[in-house]
Amino acid sequence: MRKEIILDVIEPGLGELESIWDYIGYPDEQRTERLHTLAEQLQARMFDFISAENQRRVQLDTEIEARKRRAAQICQTLRLPPYFPPRGLPSLSLLEHLDAHIAQFEAEIKERQARQSELTAQVRSLCERLGLPDETATTKPAEATTTDGDGVDSTTDADDAIPSEQDLERLQSRVAELERRRDDMLKRLSGLAEDVRRIALDIEFAGSPAGSGADDAAQALEDAVLAGEETTRLPLSDATLSQLEALRLRLVKHKAMLVGTCDELRQHIRVMWTRLDIPHEEQEAFLAQHAGYRQSTLDALQEESDKCQELKWSQATAYLANLRREASELRATCFLDDTGDEADEDAALIGGDLDDTEEGVAALERRIDELRESYEKNRELYAAVGLYQDTWRAYLDVEQRMKDPAILSNRGGVLLKTDKERKQLQKELPKVEKKVSELLQKLQGGDNFRIRGRTFEQHVHHLWDSLRSEQEASKFNRKAGAVAGGRTGSATSGGGDDLRLSQSPMRDSSLGAAGSPRKSLSATGKR
């Protein structure tokens, strides 16, 4: 403490008192007495001042303790570690330090409360958009802070509502979760709405008729989607998605019905056109005009089917002839046997005295449908068997060409090319035979499959046995012809060898049982 300040104030006063007392003429005793009185008054004043300063110190200590309690309370509310101010600071500095930190804590509180309000509003808005219960209805709002008698902001219930960082993180996570759910539902809603509009356009669906049984909400949603309303304006909820999925499924089923019915009608109409000898140009023009699977297309196809039925009876004779030809072709395609009860029944239908009455035509049509169904059911198998038959006929054709005498001249390498073709077919036949056998094993009831009354294995053996029998008979005929030619030559005078050569050109290209060419007996016997 600086004593000079007090001495600088007292010393001039003492000098002035000395001058006054000299003027008055106080003796030394009175002057001493008056100095004691002055000292007592100064001491009393000093005591009053010290008392006031001491009260100020106590007041500062009280405020400091209040600030410390507030700081501790805020730290606890904010879930922060306890705050300990620096040691050794004077009261005023400590008070300012505490006030600064409390102000910082208060700003943190306001920021958290603002973030909580913002996130809560987002959650409330998302719940409303998604049709979910309001998750924020039970949230306790933060109350405003109050100021106590010490000038310190204090809260009671509001502190309980101050969110922690974990609370804010949970709110932020919930917002993100609801936003993802909203985006997913919007994506699903957009996809469903687009599918509904596309299918509705494809099948000319204008909306459910009045009184169809749909509730008001579902009907309003259907009308909005078909009208092309933006998906962001449609109600977004699980109920909405379920209603749209049900609507799409209903449209898909209706389209499937249209597709199946239209395809059946087109197939039926093509068959009828073929039986009625309708020009191909007219067929293609009609199908091009009525493509697709709309309701108008179905109506047009049904109308054309009815017209074909009318034409059928107006051209009954020609129609019946085409039916018989079609049935015969299907029997051949299905490799049916020409003997047995079934063959007799088919013969009665196809080649008998069946008239062109409605019953007779209907009977033949049913038989054709049965044959066509059997063919379609095992189309792959029939195709494989047909391939084997075609390959076999090609092999027989090559064998026959190898017997041509002109091929032995080998002009242009014809003999080499033909022999190469024959070898290729000899390799191809076992492959196709194996494929047919595998299909028969996979086919349920494949053991009952017959080709003109024979199993496929028996049919193959029959083909090869017939070929070998034909080759042996041809070989026998060639030998018999050679012997007869020799006898004729021995009985003729002059030029016998030339006659034998001229009479045996066909034998030069004959095939043995193994399918390889051999020279004629007359050619090998020439000198």
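Everything quoted here is computed from the prediction, not taken from an experiment.

Definitions and limits used
- Residues numbered from 1 in each chain as written.
- Predicted model: local features only at pLDDT ≥ 70, side-chain atom pairs only at ≥ 80, totals over all residues.
- Heavy atoms only, no water.
- Helix = DSSP H or I, 4+ residues; strand = E, 2+ residues; numbered from the N terminus.
- Buried < 20%, exposed > 50% of the residue type's maximum accessible area, 1.4 Å probe, protein only.
- Contact = heavy atoms within 4.5 Å.
- Phe/Tyr/Trp six-rings, centres within 6.5 Å; stacked < 30°, edge-to-face > 60°.
- UniProt positions renumbered as here; feature names shortened; annotations may be inferred.

(A) Examining unusual backbone geometry more closely. With a phi angle near 60 degrees, E204 is a residue other than glycine that sits in the positive phi range. Assignment of secondary structure puts E204 in the loop between helix 5 (165–203) and helix 6 (216–226). Relative accessible area serves as the criterion here: at 38%, E204 is assigned to the partly exposed category.

(B) Spotlight on the environment of L371. In this structure, L371 sits in helix 12 (residues 358–377). On a C-alpha basis, the gap between L371 and A327 in space is 7.9 Å, while along the polypeptide they are 44 residues apart. Not counting chain neighbours up to four residues away, the residues in contact with L371 comprise A327, L330, R331, C334 and L336.

(C) Quick peek at the packing of aromatic side chains. Enumeration according to the criterion identifies 6 aromatic pairs in this entry. When the ring of W273 is compared with that of F286, the centres are 5.6 Å apart and the planes differ by 90 degrees; the resulting orientation is edge-to-face. Residue W273 is located in helix 7 (residues 238–276), and its partner F286 is located in helix 8 (residues 280–289); the two are separated by 13 residues in the primary sequence. The interplanar angle of 80 degrees and the centroid separation of 4.8 Å between the aromatic rings of W392 and W464 together place this pair among those described as edge-to-face. Here W392 is found in helix 13 (residues 379–402), whereas its partner W464 is found in helix 15 (residues 456–490), with 72 residues between them in sequence.

(D) Inspection of the UniProt feature "coiled-coil region" (unreviewed entry) in the protein chain at higher detail. The UniProt entry lists residues 95–122, 354–381 and 415–442 under the feature "coiled-coil region" (unreviewed entry), expressed in the numbering used here. Span residues 95–122 is 100% helix and 0% strand, its end C-alpha atoms 40 Å apart. Secondary structure across residues 415–442 divides into 100% helix and 0% strand, with the first and last C-alpha atoms of the span separated by 41 Å.

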